[in-house]
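Architecture and fold: a report
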Amino acid sequence: MERVMGGGVLQLVLLSAGILLLYRILVRLRPGADLQDAVVVITGASSGLGKECARVFHTAGARLVLCGRDAARLQQVVQELTASSTSSGPQTYTPSTVTFDLSDTDTVDGAAEEILKCYGQVDVLINNAGISYRGNILDTHLSVQRDVMETNYFGTIALTQALLPSMVHRRSGHIVVISSVQGKIAIPYRSAYAASKHATQAYFDCLRAEIEHCGIPVTVISPGYIRTSLSVNAVTGDGSKYGVLDKTTAAGRDPRDVAQAVLKAVHRKSKDVVLAGPQPNLAIYLRTMWPALFFKLMSSRARKERKPKDE
Ligand SMILES: NC(=O)c1ccc[n+]([C@@H]2O[C@H](COP(=O)([O-])OP(=O)(O)OC[C@H]3O[C@@H](n4cnc5c(N)ncnc54)[C@H](OP(=O)(O)O)[C@@H]3O)[C@@H](O)[C@H]2O)c1
């Protein structure tokens with residue numbers, strides 16, 4: 001009788017241990033679970049997608065380093081995040097901030113040192129900061145083409161190259177870049193922006209192949225329109241601010257959903273993710289498989305958007 005009871009207790013203990021193990025595995029498989037205590041650097045964290053990424057990675061328990069040009073706006077984000085922290089769920093940390101201008105590449109090495117000093121390492125670098133552009137190539141100063149490139153491309157790769165050696169040394173880390181559908185296809189009146197995002201895609205595709213053997217994944221994320229101030233902050237051909245919330249941007253995806261998708265891509269160590277609906281995906285497909293049709297469609301789009309003075 002005692003032996004039968006003993007066997008029953010053993011079965012119960014084994015079953016409970018099995019359920020606990022399964023629960024732990026499921027929790028670990030949940031996107032974000034692997035980010036507890038991870039050091040995550042986010043550029044352009046003061047607004048839009050960067051700010052929402054800060055929110056989701058903070059909630060997942062990451063130790064954040066938030067970057068931007070405006071110290072006061074970054075502090076505002078820190079305050080919002082710490083005020084939203086709850087006692088349930090993963091342990092959260094008060095984010096650190098580092099203020100610098102990505103377009104001034106001479107200062108990026110110093111900023112990278114400051115970033116490394118925050119926690120001694122970087123586990124995930126999310127290159128998110130960027131500016132957009134609206135304009136006609138004929139009326140656009142070369143300096144504007146260069147400025148957009150400085151922020152979106154040179155600033156981004158300068159920071160990546162400054163932080164990369166510490167990742168390679170530890171043989172650990174993850175590099176993420178927020179590109180755009182316009183890194184895959186170029187649409188008229190966006191030359192500076194599309195060119196900077198195409199360059200970004202190419203650079204990070206090369207980097208992925210070159211550092212795979214170090215165990216450092218590279219994730220390129222290419223969203224379609226997101227409801228942020230990107231178009232408001234865009235520059236025009238003479239360098240002035242565009243200042244308009246475009247209808248396409250206003251109707252774009254919720255930045256909170258895009259930030260969740262970024263978290264998932266980091267968890268899965270995805271290589272290349274397009275976060276867009278069927279139409280942009282079809283356009284990307286046509287650009288490779290049927291370029292003649294793609295070019296016709298873009299010419300027609302340019303004709304429709306052309307202003308009378310451009311005729
Ligand atoms: N919104 C869209 O429709 C869309 C679509 C596809 C891809 N994206 C990409 O998503 C990323 C985030 O943009 P968003 O939509 O969130 O726009 P946003 O609200 O205008 O945010 C841009 C961020 O970049 C920072 N930034 C701009 N220039 C900088 C510089 N020179 N140095 C340092 N930081 C700088 C800004 O910070 P400070 O001004 O405070 O410095 C701001 O936090 C960009 O890479 C953009 O290309 C956006």
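Residues numbered from 1 in each chain as written. Predicted model: local features only at pLDDT ≥ 70, side-chain atom pairs only at ≥ 80, totals over all residues.

Topic: the overall build of the chain
To be explicit about the condition: A helix here means a DSSP run of H or I that spans at least four residues, while a strand means a run of E at least two residues long, and both kinds are numbered starting from the N terminus. Field definition: a residue is buried when 20 or more other C-beta atoms are found within 10 Å of its C-beta, exposed when 12 or fewer are, and partly exposed for counts in between, with C-beta atoms placed from the backbone. Any pair of residues counts as being in contact when their C-beta atoms, constructed from backbone geometry, are within 7 Å of one another.
Scanning the chain from N- to C-terminus turns up 10 helices and nine strands. Residue burial in the chain is summarised as follows: out of 311 residues, 37% are buried. Counted over contacts in the chain with a minimum sequence separation of 6, partners at least 24 positions apart contribute 74%.

Things to note about the UniProt feature "domain: Ketoreductase" (unreviewed entry) in the chain
Under the convention used in this document: UniProt positions are given in the numbering used here, feature names are shortened, and annotations may be inferred rather than shown by experiment.
According to UniProt, the "domain: Ketoreductase" (unreviewed entry) feature falls on residues 38-229. The annotated region residues 38-229 carries 46% helix and 16% strand content, and the separation between its end C-alpha atoms amounts to 29 Å.

Digging into the site of the ligand
Going by this rule: Using a C-beta atom placed from the backbone for every residue, we mark a residue as near a molecule or strand if that atom lies within 6 Å of it. Residues were grouped as follows: Ala, Val, Leu, Ile, Met, Phe, Trp, Tyr, Cys and Pro as nonpolar; Asp, Glu, Lys and Arg as charged; and all remaining residues, including Gly, as polar.
Taken together, 30 residues lie around the ligand, and Gly44, Gly48, Arg69, Gly130 and Thr228 are the ones closest in. Considering every element that reaches the shell around the ligand, the biggest residue donor is helix α2 (residues 48-59), with three residues. Partitioning the shell around the ligand into residue classes produces nine nonpolar, 17 polar and four charged.

A word on the packing of helix α9 (residues 278-289) against helix α10 (residues 291-305)
What counts is decided by this rule: An axis is simply a line fitted to the C-alpha atoms; with a helix, the fit covers only the stretch in contact. Between two such axes, the angle follows the N-to-C directions and lies from 0 to 180 degrees. Any angle that is under 35 degrees is reported as roughly parallel, and any over 145 degrees as roughly antiparallel; angles of 65 to 115 degrees are reported as roughly perpendicular and all others as oblique.
Packing of α9 against α10 brings their axes to within 6 Å, and their N-to-C directions diverge by 125°. When the interaxial angle is binned, α9 and α10 end up oblique. Between α9 and α10, the contacting residues are Ala283, Leu286 and Arg287 on the first element and Pro291, Leu293 and Phe294 on the second.

A short note on the nonpolar core
Spelled out, the test is: Under the definition applied here, buried Ala, Val, Leu, Ile, Met, Phe, Trp, Tyr and Cys residues are grouped into a nonpolar core through C-beta atoms within 7 Å.
Formed by 56 residues in total, the largest nonpolar core has its most connected members in Val40, Val41, Ile42, Cys53, Ala54, Phe57 and Leu66. Ranked by residues supplied to this core, first place goes to helix α5 (residues 142-170) with seven residues. Among all residues touching Leu66, those that are not within four sequence positions of it are Ile42, Ala45, Ala54, Leu74, Val77, Val78, Pro95 and Thr97. In this structure, Tyr133, Tyr193, Ala234 and Val235 belong to the second largest nonpolar core, which totals 10 residues.

Section: the environment of Tyr203
One can find Tyr203 in helix α6 (residues 191-211). For Tyr203, a count of 18 C-beta atoms within 10 Å corresponds to the partly exposed category. Sequence separation between Tyr203 and Val77 is 126 residues; the distance between their C-alpha atoms is 30 Å.

Details of unusual backbone geometry
Across residues other than glycine, the phi torsion is negative in most instances, and most of the peptide bonds are trans. If you check the backbone angles, Asp37 has positive phi at about 75° while not being a glycine. Note on placement: Asp37 falls in the loop between α1 (2-29) and β1 (39-42). For Arg171, which is not glycine, the phi dihedral falls at a positive 50°. Within the element layout of this structure, Arg171 appears in the loop between α5 and β6 (174-178). What makes Arg171 exposed here is the crowd of 11 C-beta atoms within 10 Å.

Side note on helix α4 (residues 108-119)
Which entries qualify depends on this criterion: Directions from the helix axis toward the C-beta atoms define the arc.
When α4 is considered as a whole, its buried residues turn out to be Val108, Ala111, Ala112 and Ile115. Down the axis of α4, the buried side of the element spans an arc of 100°, and every buried residue falls inside it. In α4, those exposed residues whose orientation departs by more than 90 degrees from the buried face are Gly110, Glu113 and Lys117. Of the residues trailing α4, Gly120 is marked for its positive phi of about 85°.

Describing the sheet that holds strand β2 (residues 63-68)
By definition, the strands of a sheet pair up through backbone hydrogen bonds, in either a parallel or an antiparallel sense. Put simply, the rule is: Strands pair, by our definition, only if DSSP identifies at least two bridges between them.
Pairing in this open sheet of seven strands is parallel, and the strands run β3-β2-β1-β4-β6-β7-β9 from one edge to the other. Every other strand in the sheet has two partners, leaving β3 (96-99) and β9 (272-275) as the edge strands with one partner each. Averaged over neighbouring strand pairs, the angle between their axes works out to 15° when direction is ignored.

Looking at helix α3 (residues 71-84)
As a reminder of what qualifies: Multiply 1.5 Å by the residue count of a helix minus one, and that product is the helix's expected span.
With 14 residues, α3 should cover 20 Å at 1.5 Å per step; its first-to-last C-alpha distance of 20 Å lies within 8% of that length. Along its buried surface, α3 packs onto α2, β2 and β3.

Description of the pairing of strand β4 (residues 124-127)
Alternating residues of β4 divide into Val124 and Ile126 and Leu125 and Asn127, and every residue in both groups is buried. Relative to β4, β1 is paired through three bridges, and the arrangement is parallel. Of the residues in β4, the one forming a bridge with Ile42 is Ile126. Bridge count for β4 against β6 is four bridges, and the pairing is parallel. Among the inter-strand pairings, Asn127 is bridged to a residue of β6, identified as Val177.

A closer look at the environment of Cys206
Its location among the elements puts Cys206 in helix α6. The exposed category is assigned to Cys206, around which 11 C-beta atoms lie within 10 Å. Along the sequence, Cys206 and Arg146 sit 60 residues apart, while their C-alpha atoms lie 22 Å from each other.

Things to note about the environment of Ala195
Among the secondary structure elements, Ala195 is positioned in helix α6. The spacing of Ala195 and Ile185 is 10 residues in sequence and 9.5 Å in space, taken between C-alpha atoms.

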